[in-house]
Amino acid sequence: GAGVSQTPSNKVTEKGKYVELRCDPISGHTALYWYRQSLGQGPEFLIYFQGTGAADDSGLPNDRFFAVRPEGSVSTLKIQRTERGDSAVYLCASSLGSGWEQYFGPGTRLTVT
Amino acid sequence: GIQVEQSPPDLILQEGANSTLRCNFSDSVNNLQWFHQNPWGQLINLFYIPSGTKQNGRLSATTVATERYSLLYISSSQTTDSGVYFCAVGSYGQNFVFGPGTRLSVLP
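Now for a look at the structure at hand. (Residues numbered from 1 in each chain as written. Chains lettered and ligands numbered in written order. Predicted model: local features only at pLDDT ≥ 70, side-chain atom pairs only at ≥ 80, totals over all residues. Heavy atoms only, no water.)

Structural notes on the layout of surface pockets
Next up, step 1: As a volume, the largest pocket reaches approximately 670 Å³.
Next up, step 2: Lining the largest pocket are 32 residues, and of these Gln37, Leu39 and Arg109 of chain A together with Gln37 and Gly41 of chain B sit closest to its centre.
Next up, step 3: The set of elements that each furnish at least two residues to the lining of the largest pocket consists of strand E9 (88–95) and strand E11 (108–112) of chain A together with strand E9 (83–90) and strand E11 (102–107) of chain B.
Next up, step 4: Broken down by class, the residue content of the lining of the largest pocket amounts to 13 nonpolar, 17 polar and 2 charged.
Next up, step 5: When its volume is computed, the second largest pocket comes out at roughly 210 Å³.
Next up, step 6: When contributions to the lining of the second largest pocket are tallied by element, the ones reaching two or more residues are strand E5 (44–50) and strand E6 (53–56) of chain A. (1 Å grid on protein atoms, 1.4 Å probe; cavity = no way out; pocket = protein on both sides within 12 Å on 5 of 7 lines; lining within 4 Å. Points joined across faces, edges and corners; volume = space filled by probe spheres on them. Helix = DSSP H or I, 4+ residues; strand = E, 2+ residues; numbered from the N terminus. Nonpolar A, V, L, I, M, F, W, Y, C, P; charged D, E, K, R; others polar.)

Re the sheet that holds strand E1 (residues 4–7) of chain B
Residue and element names in this part refer to chain B.
Next up, step 1: With antiparallel pairing, the 5 strands of this open sheet are ordered in space as E1-E3-E8-E7-E6. Two strands in the sheet have a free side with no partner beyond their single neighbour: E1 and strand E6 (52–56). Averaged over neighbouring strand pairs, the angle between their axes works out to 15 degrees when direction is ignored.
Next up, step 2: Examined bridge by bridge, strand E3 (residues 19–25) and strand E8 (residues 69–74) share 6 bridges and lie antiparallel to one another. What sits directly across from Cys23, in E8, is Ser70. (Pairing = 2+ DSSP bridges. Axes fitted to C-alpha atoms, helices over the stretch in contact; angles between N-to-C directions.)

Focus: unusual backbone geometry
Next up, step 1: Here the bond from Thr7 of chain A into Pro8 of chain A is cis, since omega is -10 degrees, no more than 30 degrees from zero.
Next up, step 2: That bond from Ser7 of chain B to Pro8 of chain B is cis: its omega, -10 degrees, falls within 30 degrees of zero.
Next up, step 3: In this structure, Arg68 of chain B takes a positive phi of about 60 degrees despite not being glycine.
Next up, step 4: Along the chain, Arg68 of chain B turns up in the loop between strand E7 (59–64) and E8.
Next up, step 5: On the basis of relative accessible area, Arg68 of chain B is assigned to the partly exposed category, the value being 35%.
Next up, step 6: We note that Ser76 of chain B has phi near 45 degrees; this positive angle belongs to a residue other than glycine.
Next up, step 7: One can find Ser76 of chain B in the loop between E8 and E9.
Next up, step 8: Residue classification places Ser76 of chain B among the partly exposed positions, given a relative accessible area of 39%. (Buried < 20%, exposed > 50% of the residue type's maximum accessible area, 1.4 Å probe, protein only.)

Structure, rendered in structure tokens:
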């Protein structure tokens, strides 16, 4: 079946602009996760949704970052007033529930110029 | 929060060689996964193994939860095995945490 998909695959934006990154999880997966991966490092947790609600947003670096999952399926990660330090690969994963195996999408490479 | 260490950080092998990658973690876990990140950045699931032993072809993994470590074995390595191998763990009520990875290069 279809895996986790993310759009766009690449996004280049200017410093100060607003961006939205989209994640389509595997059908039936109630848990959805966002991670950020900088060059040469492992992915770092940002936020976890169980259904429509954010169960844990402790990894969001500051209030410029926000994520939603209004219908319990697709999720959007929103970044306001982008900074050059936000440049990274943003990864989305989904699972049947907390503690179950996570499956990752291909990521969105964000470059802030 | 939980700490995850991986060793070695880098590994260079000749094609056909065997290798063992190690993951140590600082607390009890209810989720442990091994991933291979290919040169295009895709994280490929290798094993979901919070405890016990599993095998899949040339790869196998063992997690000894009581001693807080996991091992990934790669036998008869191929050039396509090159990439970064990540261990990631989840603990009750805590986020999924990735280790720093082991970068594997398999030479022809």
